Amino acid sequence: MKVLGIESSCDETGVAIYDSDKGLVAHALHSQIAMHAQYGGVVPELASRDHIKRIIPLINQALQEANTSLDEINAIAYTSGPGLIGALLVGAMEARALAYALGIKAIEVHHMEGHLLAPMLEDNPPAFPFVALLVSGGHTMLIKVEKIGSYEILGESVDDAAGEAFDKTAKLLGLPYPGGPHLEKLAQNGDSKAYHFPRPMLDRDNCDFSFAGLKTAVLNALNKSDKSAQTQANIARCFSDAVADTLSAKCNKALKQCGYNRLVVAGGVSANSAIRESLTNLMHKRGGEIFFARKEFCTDNGAMIALAGMVRYLNAEYASLEVNVHPRWPLSMLKAIEQDKVKNILYR
Ligand code: KG4
Ligand code: ZN
């Protein structure tokens, strides 16, 4: 069986094909970063228009890469939320129309479930249960995952998401959009002892996060500084250390609370090497296991949507004939899936 997955929730158009026997057989991506960079952030209307331009060529590219044709596809999965409504509608229209024309099922995929399952595209995928840390541009969440679809939110950000904090801090430092990867690079030349920024909410006995105060601390430090290149690098380094320490401490708390020793980290910010290292050290100290997606599957992509789509297809969750999108869609609304239905494709 083959599922074609389409991602178009924000500023990346992604298309991929997941084969139940062979795993991921193709993935194609177009990032709109260069287009939005001149505005300092995503312009929703431009994003939608660009998805329209890219989506069919990317579908053709993925089919070619998989050496297959549309007649061999069993279902079309698409990100139906959360995300920008116009951008989501492009993927939804394309997927729904294609599925209808081919007489096959369309599958609605939750973008964050896509991120959460992305580490399962790697060799040695995590077993269940685990704690998942989802850190993206729009979300920061700790989740108790008993099985696929059983998502208990243990904590989340009360203000900015981790990616948003990276992007806003990067902007203060004069770096281009999206700031996360640029800030990571700048931080590599920074001195970790130059500043001590707050580790927000660590004194609270819960798994919630807050990053807005950290951004203010950076702004104050910057205003008082000489703004030299070295100072900027020091600030980037100390900010990144503060985020890494905070994520690490909250993951530890969540693992203790659940009695689990397996951590899955996903979403755009999980591409950050310093954060990967800090969480890997935590799990090493705990004698537990840690799982990430390869870096290109941490940020938005079609591969994670094709995999999540396959899982939902195997659970017979088919989209209706309406074109449905859900710009806001809590993860807790998803259905839990029994392992037996999906274990053959997850652990091949
Ligand atoms: O998961 P994602 O691609 O999109 C959302 O679903 O939001 O995450 C994008 C976010 C952006 O805020 C971006 O700056 C951040 O992930 N990001 C990073 C890195 N790569 C992407 N943050 C820190 N370090 C990185 N290397
Ligand atoms: Zn995402």
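Residues numbered from 1 in each chain as written. Chains lettered and ligands numbered in written order. Predicted model: local features only at pLDDT ≥ 70, side-chain atom pairs only at ≥ 80, totals over all residues. Heavy atoms only, no water.

(A) Expanded view of the coordination of the zinc ion (ligand 2). Looking at the zinc ion (ligand 2), one finds its protein donor set to be His111 (NE2), His115 (NE2) and Asp300 (OD), positioned 2.0 to 2.1 Å from the metal centre. In this structure, the zinc ion (ligand 2) is surrounded by 4 donor atoms whose angles at the metal cover 95 to 132 degrees, and the resulting shape is tetrahedral. If you list the donors of the zinc ion (ligand 2) from N- to C-terminus, the spacing comes out as H-x3-H-x184-D. Of this pair, His115 sits in helix α4 (residues 111-117) while Asp300 sits in the loop between β10 (289-292) and α10 (303-314), and the two are 185 residues apart along the sequence. The burial state of His115 is the same as that of Asp300; both residues are buried. (Donors = N, O, S within 2.8 Å, 3.2 Å for Na, K, Ca; no water. Tetrahedral: all angles 85-135°; square planar, octahedral: opposite > 155°, others 65-115°. Helix = DSSP H or I, 4+ residues; strand = E, 2+ residues; numbered from the N terminus. Buried < 20%, exposed > 50% of the residue type's maximum accessible area, 1.4 Å probe, protein only.)

(B) Representation of a nonpolar patch on the surface within the structure. Nonpolar side chains collect at one region of the surface, where Ile85, Leu89, Met93 and Val323 lie side by side and expose about 330 Å² of accessible area between them. With respect to the helices and strands, Val323 occurs in the loop between α10 and α11 (339-346). (Patch = residues over 30% accessible without salt bridge, like charges linked within 9 Å, V, L, I, M, F, W, Y side chains within 5 Å. Areas by Shrake-Rupley, 256 points an atom, 1.4 Å probe, with all protein chains shown as cover. Salt bridge = Lys/Arg side-chain N within 4 Å of Asp/Glu carboxyl O.)

(C) Summary view of unusual backbone geometry. Following Gly81, the chain continues into Pro82 via a peptide bond in cis, with omega recorded as -15 degrees. Of note, Pro82 is situated in the loop between β4 (75-81) and α3 (85-102). Omega for the bond connecting Phe128 with Pro129 falls within 30 degrees of zero, at 0 degrees, which places this linkage in the cis form. In this structure, Pro129 sits in the loop between α4 and β6 (130-135).

(D) Structural context of the pattern of salt bridges. Applying the stated criterion across every chain yields a total of 15 salt bridges. In this structure, the salt-bridge partner of Glu72 is Lys2, at a minimum N-O distance of 3.2 Å. Highlighted residues: Glu72 in the loop between α2 (44-65) and β4 and Lys2 in strand β1 (residues 2-7), separated in sequence by 70 residues.

(E) Representation of the domain arrangement of the protein within the structure. Taken domain by domain, the protein holds domain 1 (2-117 + 297-346) and domain 2 (124-292). Each of domain 1 and domain 2 has a C-alpha centre, and these two points are 27 Å apart. Listed per partner, the contact involves 27 residues of domain 1 and 26 residues of domain 2. Here domain 1 meets domain 2 over a buried area of about 2000 Å², counting both sides, of which 71% is carbon and sulfur. Counting the surface domain 1 buries against domain 2, the share from its top three residues, Met112, Leu116 and Cys298, is 30%. Taken together, the connections running from domain 1 to domain 2 amount to 1 salt bridge. Counting across the interface, domain 1 meets domain 2 through 6 residue pairs in polar contact (both at pLDDT 80 or more). (Domains from an automatic or database assignment. Contact = heavy atoms within 4.5 Å. Buried area = accessible area lost by both parts, 1.4 Å probe. Polar contact = N/O pair within 3.5 Å; in protein donor to acceptor, adjacent residues only side chain to side chain.)

(F) Structural detail: the environment of Leu121. Within the secondary structure, Leu121 is located in the loop between α4 and β6. As for Leu121 and Leu346, which are separated by 225 residues in sequence, their C-alpha atoms are 8.0 Å apart. Apart from the residues lying within four places of it in its own chain, the contact partners of Leu121 are Tyr18, Leu24, Arg294, Phe297, Ala303, Met304 and Leu307.

(G) Representation of the packing of helix α5 (residues 162-172) against helix α7 (residues 212-224). One way to put it is that α5 packs onto α7 with a least axis distance of 10 Å and a crossing angle of 10 degrees. Compared by their axis directions, α5 and α7 come out roughly parallel. In terms of crossing hand, the pair formed by α5 and α7 is right-handed. For the pair α5 and α7, the contacting residues are Lys168, Thr169 and Leu172 in the first and Lys215, Val218, Leu219 and Leu222 in the second. Here the residues of the contact of α5 with α7 are counted per class, giving 4 nonpolar, 1 polar and 2 charged. (Axes fitted to C-alpha atoms, helices over the stretch in contact; angles between N-to-C directions. Parallel < 35°, antiparallel > 145°, perpendicular 65-115°, else oblique. Left-handed = near helix turned anticlockwise from the far one by under 90°. Nonpolar A, V, L, I, M, F, W, Y, C, P; charged D, E, K, R; others polar.)

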